[in-house]
Amino acid sequence: MFVPTLMGQCTPEQQAYWLPRALDMQIIGTYAQTELGHGTFIRGLETTATYDPETETFVMNSPTLTSYKWWAGGLAKTVNYCIVVAQLYTKGVCHGTHPFIVQIRDEETHMPRPGVKVGDIGPKLGFNTADNGYLGFDNYRIPRDNMMMKNAQVLKDGTYVKVARHGKATYGTMVFVRVLLVNEAAFNLAKACTIAVRYSAIRRQCSPDSEGSELQVLDYSTQQHKLFICIATAHALQLNSTWLWKTFSDTLAAIKQGNVDTLPELHALSSCLKALSTADAASLIEQCRHACGGHGYMMSSGLPYLYAFVTATRTYEGDYTILLLQTARFLVKAYEQVEAGKPLTPTVSYLSQAFTGKKLPWDSSPDGIIRAFQALAAGKLSSTVKSLRKRLESGLSYEQAWELSTIQLNGAAEAHCRAVMSQNYKSEIERLTVNSSPNVKLVLQQLYKVYLYYWALERTGDLLLYTSISESDIFELQLRYEGLLKEIRPNAVGIVDAFDLRDEVLHSALGSYDGNVYERLMAEAQKSPLNAEPVNQTFHTYLKPMMKGKL
Ligand SMILES: CCCCC/C=C/C(=O)SCCNC(=O)CCNC(=O)[C@H](O)C(C)(C)COP(=O)(O)OP(=O)(O)OC[C@H]1O[C@@H](n2cnc3c(N)ncnc32)[C@H](O)[C@@H]1OP(=O)(O)O
Ligand SMILES: Cc1cc2nc3c(=O)[nH]c(=O)nc-3n(C[C@H](O)[C@H](O)[C@H](O)COP(=O)(O)OP(=O)(O)OC[C@H]3O[C@@H](n4cnc5c(N)ncnc54)[C@H](O)[C@@H]3O)c2cc1C
């Protein structure tokens, strides 16, 4: 995040000075925004940067314990510079949070600079290869030029000058990383389902009839139900990630031309896609672990590490709930635009059907299900807006009414995102397979149907509210879904092999290409330090005295 922020928040002159040093690893930096007391609420950050025109420096301070920077990756022992997000004060006025480049360690000795307190935050659920740290300042001075001045400046005399045309220019790095995290979710879920599907083809357990041989667990319908949605979701996330990256690039190009019109939609899309992709990936990676039984619980399976790594992405770079609420904010405005007869942006154009007042006729085709997801999203948003307005009419302020409606707002945002993801998934598959062989087309279509049927069956309650789906339609869809799993089974291993993930990348005794699961599990077990000697010294110091009643 250090380099993207230098690129996004520095003037050309500042980039010319800092970027070559950062890219050449002459300096190592991190992005220190979160504090002990605040992560979500950026406007509540307490670290201060107060401009002193006498010395043309900013004085950095951590006025409270909760103002200590907390979490930044590499901050504890690795980096010698960091980007600090602090409340900017000049001429006695606070201008809100701004980014500053701060040297925290000596470039030669790596000792912390005087006035800088830095350390490690301690062991975490995962990410323990990263030294996430804390950072406090005690009247620590940095040159005026170290304020990143692309979007705002402080002149030598302390005059504050706003440069950016849109209020949240300083939040740009977070949008960029959120876009990257959708791809990260796809990649890590692909690893987990490669491990779990390969292992499920090797693992044999139970024989339905006493004479027969034990079945591959991949032959069980319940195992297919656990795993094939993982494969389909890995594809869905990858294709949505590519689509979002293009949306991001197009928006960035427009902003460079001075046009910020598409930024709100990009913020809404990057928020909900980052939220859903990381949450789906984390829960489905855990589902892959469950599907591997006890061996899935071994560190040597690679699955615990993957889960610990990915579950963090649901929190960092914007907590799941917070980002869905950001998307909901955009959706409520879009709803009001429909009411006012104004044109809608492409990803919310389906909202006009919220005003038909009729249930969408159920159609179980892939396109019909996507339309049903859109109707569901439009319906949930419509009922959410009605709740919001009912509360406003009762005399509550907008903030109070909004807060009381946030559970429904989150549901509307999640439904919108599912509709967008489903639409993108199917249309990208169709675009990419135009010249593919019929077999490849068939398999990829089977997978996106798994995705659509799975989520339709997960949302039958909402579909009953907003479409004409009947009890028999639901029963028929369940049978069709179960039949589809059986159609995919023969290709399941080939499909995950197509992720083309090398053993060195999977780090898994269960998922290695050669399938020698049991030999690898035993080989990994031998690496345990407890196997270094036949009798551990704790026998003599604890067990034997205890058995002799001497403890
Ligand atoms: C592999 C990578 C490893 C990464 C390791 C992890 C790094 C980190 O975690 S870095 C720290 C990440 N922290 C966060 O993501 C904090 C999340 N919080 C926020 O983004 C903000 O506090 C907020 C968006 C939740 C609220 O910000 P606030 O200033 O209070 O703004 P409002 O909600 O009042 O909205 C005002 C206005 O601004 C628009 N907007 C907000 N954020 C953005 C954005 N990023 N880009 C564009 N526009 C944004 C928002 O839509 C509102 O617009 P209007 O509705 O038109 O007023
Ligand atoms: C592995 C890891 C690496 C990280 N790396 C960095 C880094 O490099 N740099 C950096 O600056 N930060 C980093 N972070 C911090 C991260 O950005 C924050 O943890 C994240 O933004 C969430 O903020 P928080 O921890 O304060 O949680 P909180 O915001 O306190 O969330 C706690 C709970 O409160 C809820 N909540 C909060 N506000 C609201 C609201 N308004 N409405 C409804 N519910 C609300 C949340 O949904 C959540 O359920 C990292 C975090 C992790 C886990």
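Predicted model only: the values in this text are computed from it and were never measured.

A. Looking closely at the overall build of the chain. Secondary structure assignment for the chain yields 17 helices and 11 strands. By residue count, 50% of the 551 residues in the chain fall in the buried class. Restricting to contacts in the chain with at least 6 residues of sequence separation, those with at least 24 account for 70%. Taken as a whole, the chain presents about 26,300 Å² of accessible surface, with 57% of it coming from carbon and sulfur.

B. Fine view of the site of ligand 1. Taken together, 22 residues form the shell around ligand 1, and within it Thr 40, Lys 168, Tyr 171, Arg 329 and Lys 333 come nearest. Between an oxygen atom of ligand 1 and a side-chain N or O atom of Lys 333, the distance comes to 2.4 Å. The fraction of the free accessible surface of ligand 1 (1,200 Å²) that becomes covered by protein chains is 76%. Of the residues belonging to the shell around ligand 1, the class tally is nine nonpolar, seven polar and six charged. Shared between two domains, the shell around ligand 1 takes at least three residues from each, and those domains are domain 1 (2-150) and domain 2 (172-336 + 365-392 + 403-433 + 441-492).

C. Region of interest: a nonpolar patch on the surface. A contiguous nonpolar surface patch, about 460 Å² in accessible area, is contributed by Tyr 542, Leu 543, Met 546 and Met 547. Checked against the element boundaries, Met 547 lands in helix α17 (residues 538-547).

D. Local environment of the sheet that holds strand β7 (residues 116-120). Strand order in the open sheet formed by three strands is β4-β8-β7, and the pairing between neighbours is antiparallel. Looking along the sheet, the strands with just one partner apiece sit at the ends: β4 (69-70) and β7. With two bridges joining them, β4 and strand β8 (residues 133-137) adopt antiparallel strand pairing. Across the sheet, Lys 69 pairs through a bridge with Leu 135, a residue of β8.

E. Looking closely at the domain arrangement of the chain. You can read the domains of the chain as domain 1 (2-150) and domain 2 (172-336 + 365-392 + 403-433 + 441-492). Computed from C-alpha coordinates alone, the two centres of domain 1 and domain 2 are separated by 36 Å. Interface of domain 1 and domain 2: buried area, both sides summed, is about 830 Å²; carbon and sulfur atoms make up 73% of it. Our enumeration of links across domain 1 and domain 2 arrives at zero salt bridges. On the surface where domain 1 and domain 2 come into contact, there are zero residue pairs in polar contact (both at pLDDT 80 or more). Here the residues of the side of domain 1 that touches domain 2 are counted per class, giving four nonpolar, five polar and no charged.

F. Structural view of helix α6 (residues 303-313). The buried count for α6 comes to eight of 11 residues, which makes it a mostly enclosed element. Burial in α6 covers these residues: Leu 303, Pro 304, Leu 306, Ala 308, Phe 309, Val 310, Ala 312 and Thr 313. On the buried face of α6, the contacting elements are α3 (172-202) and α5 (263-290).

G. View of the nonpolar core. Counting 116 residues, the largest nonpolar core has Tyr 425 and Leu 447 as its most contacted members. Once you skip the residues sitting within four places of it in the chain, Tyr 425 turns out to touch Ala 232, His 235, Ala 236, Leu 239, Asn 240, Leu 447, Tyr 448 and Tyr 451.

H. Representation of the UniProt feature "domain: Acyl-CoA oxidase C-alpha1" (unreviewed entry) in the chain. When the UniProt feature table is mapped onto this chain numbering, "domain: Acyl-CoA oxidase C-alpha1" (unreviewed entry) sits at residues 171-332. End-to-end, the C-alpha atoms of residues 171-332 are 22 Å apart, and along that stretch the chain is 73% helix and 0% strand.

I. Structural detail: the UniProt feature "active site" (unreviewed entry) in the chain. UniProt records the feature "active site" (unreviewed entry) at Glu 317, using the numbering of this structure. Within the element layout of this structure, Glu 317 appears in the loop between α6 and α7 (320-339). For Glu 317, a relative accessible area of 11% puts it in the buried group. Setting aside residues up to four positions removed in sequence, Glu 317 forms contacts with Met 1, Met 174, Val 177, Arg 178, Leu 181, Lys 274 and Leu 323.

J. Here's a closer look at the pairing of strand β9 (residues 140-143). Alternating positions in β9 separate cleanly, Tyr 140 and Ile 142 being buried on one face and Arg 141 and Pro 143 remaining unburied on the opposite face. For strand β3 (residues 57-61) and β9, the ladder comprises four bridges, and the chain directions are antiparallel. Note that in β9 the partner of Val 59 across the bridge is Arg 141.

K. Spotlight on the packing of helix α10 (residues 406-432) against helix α11 (residues 438-458). At a minimum axis separation of 10 Å, α10 and α11 run at an interaxial angle of 165°. It follows from the interaxial angle that α10 and α11 lie roughly antiparallel. The two elements α10 and α11 meet at a crossing, and its hand is left-handed. Between α10, through Arg 418, Met 421, Ser 422, Tyr 425, Lys 426, Ile 429 and Glu 430, and α11, the contact on the second element is made entirely by Leu 444, Leu 447, Tyr 448, Tyr 451, Leu 452 and Trp 455. Residues that form the contact of α10 with α11 fall into these classes: nine nonpolar, one polar and three charged.

Criteria and cut-off values
Residues numbered from 1 in each chain as written. Chains lettered and ligands numbered in written order. Predicted model: local features only at pLDDT ≥ 70, side-chain atom pairs only at ≥ 80, totals over all residues. Heavy atoms only, no water. Helix = DSSP H or I, 4+ residues; strand = E, 2+ residues; numbered from the N terminus. Buried < 20%, exposed > 50% of the residue type's maximum accessible area, 1.4 Å probe, protein only. Contact = heavy atoms within 4.5 Å. Areas by Shrake-Rupley, 256 points an atom, 1.4 Å probe, with all protein chains shown as cover. Near = heavy atom within 4 Å. Polar contact = N/O pair within 3.5 Å; in protein donor to acceptor, adjacent residues only side chain to side chain. Nonpolar A, V, L, I, M, F, W, Y, C, P; charged D, E, K, R; others polar. Domains from an automatic or database assignment. Patch = residues over 30% accessible without salt bridge, like charges linked within 9 Å, V, L, I, M, F, W, Y side chains within 5 Å. Salt bridge = Lys/Arg side-chain N within 4 Å of Asp/Glu carboxyl O. Pairing = 2+ DSSP bridges. Buried area = accessible area lost by both parts, 1.4 Å probe. Core = buried A, V, L, I, M, F, W, Y, C linked by side-chain atoms within 4.5 Å. UniProt positions renumbered as here; feature names shortened; annotations may be inferred. Axes fitted to C-alpha atoms, helices over the stretch in contact; angles between N-to-C directions. Parallel < 35°, antiparallel > 145°, perpendicular 65-115°, else oblique. Left-handed = near helix turned anticlockwise from the far one by under 90°.

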